[in-house]
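Analysis of the macromolecular model
Here is how the chains run, residue by residue.
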Amino acid sequence: MEDKIKEALTASNILNNINKPNDIKKVSADEYSALATEIREFLISNISVTGGHLASNLGVVELTMALHLSLNFPEDRLVWDVGHQAYTHKILTGRKEGFRKLRTYEGLSGFPKIKESDCDAFDTGHSSTSISAALGLAKARDLQKENYNVFAVIGDGALSGGMSFEALNNAARLQSNMVIILNDNNMSINENVGGMATYLGKVRTSVKYNGFKEGIERVLSTLPKGKSVIDRLRRSKDSIKRLFIPGMLFEDMGLTYIGPIDGHNIEQLLSAINSAKNMKEAVIIHVITKKGKGYKLAEKNPSKYHGIDPFIIETGEVKKKSTKSTISYTDKFAKTLVSLAEKDEKIVAITAAMPSGTGLIKFAKRYPKRFFDVGIAEEHAVTFAAGLAVGGMKPVVAIYSTFLQRAYDQLLHDVCINSIPVVFAIDRAGIVGSDGETHQGIFDISYLLTMPNMTVMAPKNGQEFEDMLTFAVNHNGPIAIRYPRGKVYSGLGEFRAPIEYGKSELLYSEKDILLLAYGNMVEVANEVRNQLKEQGYSVSLVNVRFVAPFDEELLTKLLPTHRYVVTLEENINSGGFGQKIVGFLCKNNYNDNKYIRISLPDAFIPQGDADLLRKEYGIDAQSVVNKILSEVEVSNRM
Ligand SMILES: Cc1ncc(C[n+]2csc(CCOP(=O)(O)OP(=O)(O)O)c2C)c(N)n1
Ligand SMILES: CC(=O)[C@@H](O)[C@H](O)COP(=O)(O)O
Ligand SMILES: [Mg+2]
């Protein structure tokens, strides 16, 4: 396919004439295939440079073209579920130029953003929200007696998210039109799992959708004449519909089901979309696509090319970023958990559709019976784990910080009230970078600290992470370990005090300035201490280790000899560790101590290189040194 792409590029450049919304309508039908090829070449060449979500976008080129041929932007509303597959939508709505800066600071977002374009109907990033949002848009349209189309595009993976069913259940009662396109490529990030995936598999294979249409035509020739296949089907007797329309689950829910159709056949897509948008009720069009279509390596391994760093097109290999051989926190988690599970058969592992991202794919290979991928269902994952624990197992739930937000009540209600021993491995905690506002893991400390009985730990380096995980699987209560995206910190290896419940680790004991840091901010605090020492200051450094419960005894011992108390955390301020320390200082009348807060602001952090964002938001070592020195200076002047 690649040479065809190259050839198409030289032969004609249709994409060059598509520079604003609806320009695609100028393209003639016999150019659709060439345009699809050009879009694929555009995606592959740009994402090979910037990195991004490749396979999902390659799979929806024709679908997006058909939507843009049938709908009008920005009048019509199109909501993308997760939104990682909206690159072609952005290309067709005048944002081609932005791809050079895809997912960079102040560059084009990798997800739909209302602030970026009026053709983006709703911001997405977390899965399974599109049907709810589209239903809201459709209801608003009806109540205001407006007249535009409302479409949602949801993947088979996202459909495994409970919120999708809440919305489908509600949509069934909609007395007006909304169209849900189910983009079924039989993949989530990894293999799709669960009953819905099985059901869709049956639908896909029960009828070969090409043969399916011919079969239908034969039957329909005996029925009353109608405008289209669908209209004639709709007027058929239920029994025939039941016989021929595979998506009866949706029909039984009160939705009109169309499909399955070939998601790469623009003529079929246009026929279904144009029929569906003229119906009077909620319609679901089931399209079958291939994730990674048009790039052999991605077709063969859609998981690897779901989200990919900059890569070499010819070989598909990721361009090496750094020669540093240190492993990631994710790898460290995976290796440690496998070795712990070797010694303790009670340990079981749970992921919500992120086996690769969390590293649990290694555990799954080794202990398939003790591994559970529950689909995109974080709420269920948490309560399922609670059930496993009450049943006598030792569940370890691995969920990204941002996605665990989904399960706030399950954490509180199903785990903490009865102090059920579940381990939460919270990956991607802190700034994740390119995915931006919807994915930064900067709220977990705040939401976990509201939970009585929840122990919260954060490791200073890879070795301590291993020690904490070992401690956690034997702790008799809810316990969370939060760790960042990226490579483990291998510094401060000379400090390895045994993990003691609720106890911090005093790394350097001096006086004047007391640095209280946890997780990856201990590395920053160590650098800050070195810089302050060079300027003649006396600085103590505490590796907090336990964000909850925090080590009040050590703090009480150190406060009288340290005028400045600095907390350092990669979490928002509200509800963070710093606020707990401020509360402690106030409650115990430590009025002579000067408190300095280093944290992220109570704000949504945009996309960008993670280290650049840390500088931008003042939590890098230099910014921290500058802030402390200015506070000391002000204080000395008083
Ligand atoms: C609540 C939530 N959990 C997990 C994710 C991570 N995630 C992003 S895309 C994806 C798979 C989506 O599969 P599907 O909807 O089938 O889309 P496809 O990539 O196959 O086009 C997952 C699990 C997320 N974005 N939101
Ligand atoms: C779109 C989505 O939500 C996931 O693909 C996410 O981008 C994965 O993040 P990591 O790249 O940190 O695994
Ligand atoms: Mg899918």
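Rules of the game
- Numbering of residues begins from 1 in every chain and follows the order in which that chain's sequence is written.
- Whichever chain is written first becomes A and whichever ligand is written first becomes 1, with later ones labelled in order.
- The model is predicted, so local features are restricted to residues of pLDDT at least 70 and side-chain atom pairs to those at 80 or more, both for listing and for counting; the totals for chains, interfaces and linings are taken over all residues.
- Excluded from the side-chain calculation are hydrogens and water; included are all heavy atoms of the structure.
- UniProt positions are given in the numbering used here, feature names are shortened, and annotations may be inferred rather than shown by experiment.
- Each pair of aromatic rings taken from Phe, Tyr and Trp, with Trp reduced to its six-membered ring, is defined by centres within 6.5 Å and is described as stacked if the planes are under 30 degrees apart, edge-to-face if over 60, and tilted in the remaining cases.
- Relative accessibility decides the category of a residue: with a 1.4 Å probe and only protein chains considered, values under 20% of the type maximum give buried, values over 50% give exposed, and everything between is partly exposed.
- Going along the chain from the N terminus, every DSSP run of H or I of four or more residues is numbered as a helix, and every run of E of two or more is numbered as a strand.
- A donor here means any N, O or S atom no more than 2.8 Å from the metal (3.2 Å for Na, K and Ca); water is not included, so a site may seem to lack partners.
- Throughout, near means a residue has at least one heavy atom within 4 Å of the molecule or strand.
- Polar contacts, as counted here, are pairs of nitrogen or oxygen atoms within 3.5 Å of one another; within protein the pair requires one atom able to donate a hydrogen and one able to accept it, and residues that are adjacent in sequence qualify only if both atoms are side-chain atoms.
- In these tables, accessible area is a Shrake-Rupley quantity obtained with a 1.4 Å probe, and a residue counts as shielded only by the protein chains included in the view.
- Note on residue classes: Ala, Val, Leu, Ile, Met, Phe, Trp, Tyr, Cys and Pro are nonpolar, Asp, Glu, Lys and Arg are charged, and everything else, Gly too, is polar.
- Throughout, the edges of the domains are those of an automatic or database domain assignment.
- Whether two strands pair comes down to DSSP finding at least two bridges between them.
- For helices, the axis comes from a line fit to the C-alpha atoms of the stretch in contact; other axes are also lines fit to C-alpha atoms, and the angle between any two N-to-C directions lies between 0 and 180 degrees.
- Whether two residues touch is decided by their heavy atoms; if any such pair falls within 4.5 Å, the residues are in contact.

- Looking at an unreviewed UniProt entry, one finds the protein chain named 1-deoxy-D-xylulose-5-phosphate synthase, with Anaerosporobacter mobilis DSM 15930 as its source organism.
- Word for word, the UniProt comment on the protein chain under Subunit (unreviewed entry) is "Homodimer."
- Database annotation for the protein chain, UniProt heading Function (unreviewed entry): "Catalyzes the acyloin condensation reaction between C atoms 2 and 3 of pyruvate and glyceraldehyde 3-phosphate to yield 1-deoxy-D-xylulose-5-phosphate (DXP)."

Digging into the packing of aromatic side chains
- Here the structure, examined in full by the defined rule, presents 23 aromatic pairs.
- Each ring, one from Phe 363 and one from Tyr 367, has its centre 5.3 Å from the other, and the planes form 55 degrees; the classification is tilted. The exposure classification of Phe 363 matches that of Tyr 367, with both residues buried.
- Plain terms: the ring middles of Phe 372 and Phe 384 are 5.2 Å apart, the flat faces sit at 85 degrees to each other, and that makes the pair edge-to-face. Taken together, the positions of Phe 372 in strand E7 (residues 371–373) and Phe 384 in helix H18 (residues 378–390) put the pair 12 residues apart, joining distant regions of the chain.
- You can call Phe 384 partly exposed: its relative accessible area is 25%.
- Members of the aromatic cluster, connected to one another through ring pairs, are Tyr 518, Phe 550, Phe 577, Phe 584 and Tyr 590.

Overview of the coordination of the magnesium ion (ligand 3)
- Each protein donor to the magnesium ion (ligand 3) is listed here as Asp 156 (OD), Asn 185 (OD1) and Met 187 (O); together their distances run 2.0 to 2.1 Å.
- Spacing between the donor residues of the magnesium ion (ligand 3) along the chain follows D-x28-N-x1-M. A residue pair is termed long-range when its members are at least 10 positions apart, and Asp 156 in the loop between strand E2 (150–155) and helix H7 (162–171) and Asn 185 in the loop between strand E3 (178–184) and helix H8 (195–206) qualify at 29 residues. Accessibility assignment for this pair places Asp 156 and Asn 185 in one class, buried.

Section: the site of ligand 2
- Inspection of the region around ligand 2 gives His 53, Val 82, His 84, Phe 111, Ile 189, His 306, Tyr 400, Phe 403, Arg 428, Asp 435, His 439 and Arg 485 as its neighbouring residues.
- Measuring from an oxygen atom of ligand 2, one finds a side-chain N or O atom of His 306 at 2.9 Å.
- At 2.6 Å, a side-chain N or O of Asp 435 approaches an oxygen atom of ligand 2.
- Within the complex, the protein chains bury 85% of what would otherwise be the 360 Å² of accessible surface of ligand 2.
- Split by residue class, the shell around ligand 2 holds 5 nonpolar, 4 polar and 3 charged.
- Both of domain 1 (2–206 + 245–300) and domain 2 (329–482) provide at least three residues apiece to the shell around ligand 2.

Section: the sheet that holds strand E6 (residues 347–351)
- Spatially, 7 strands are ordered E7-E6-E8-E9-E11-E10-E15 in an open sheet, and the strand pairing comes out mixed. The open sheet is flanked by E7 and strand E15 (546–548), the only strands paired with a single partner. Across the sheet, the axes of successive neighbouring strands diverge by a mean angle of 20 degrees, strand direction being ignored.
- Of the pairings in the sheet, the one linking strand E9 (residues 423–427) to strand E11 (residues 479–482) comprises 4 bridges and is parallel in character. Opposite Ala 425, over in E11, you have Ile 481 as the bridge partner.

Some details on the sheet that holds strand E17 (residues 594–600)
- With mixed pairing, 5 strands are arranged side by side in an open sheet as E12-E14-E13-E16-E17. Each edge of the open sheet carries a strand with a single partner, namely strand E12 (505–508) and E17. Strand-to-strand twist in this sheet, taken as the mean axis angle between neighbours without regard to direction, amounts to 20 degrees.
- The pairing of E12 with strand E14 (residues 539–543) spans 3 bridges and is antiparallel. Considered in E14, the bridge of Leu 506 is made with Val 542.
- Where helix H27 (residues 621–637) meets the sheet, its contacts fall on strand E13 (513–517), strand E16 (564–572) and E17, and the angle it forms with E17 comes to roughly 155 degrees.

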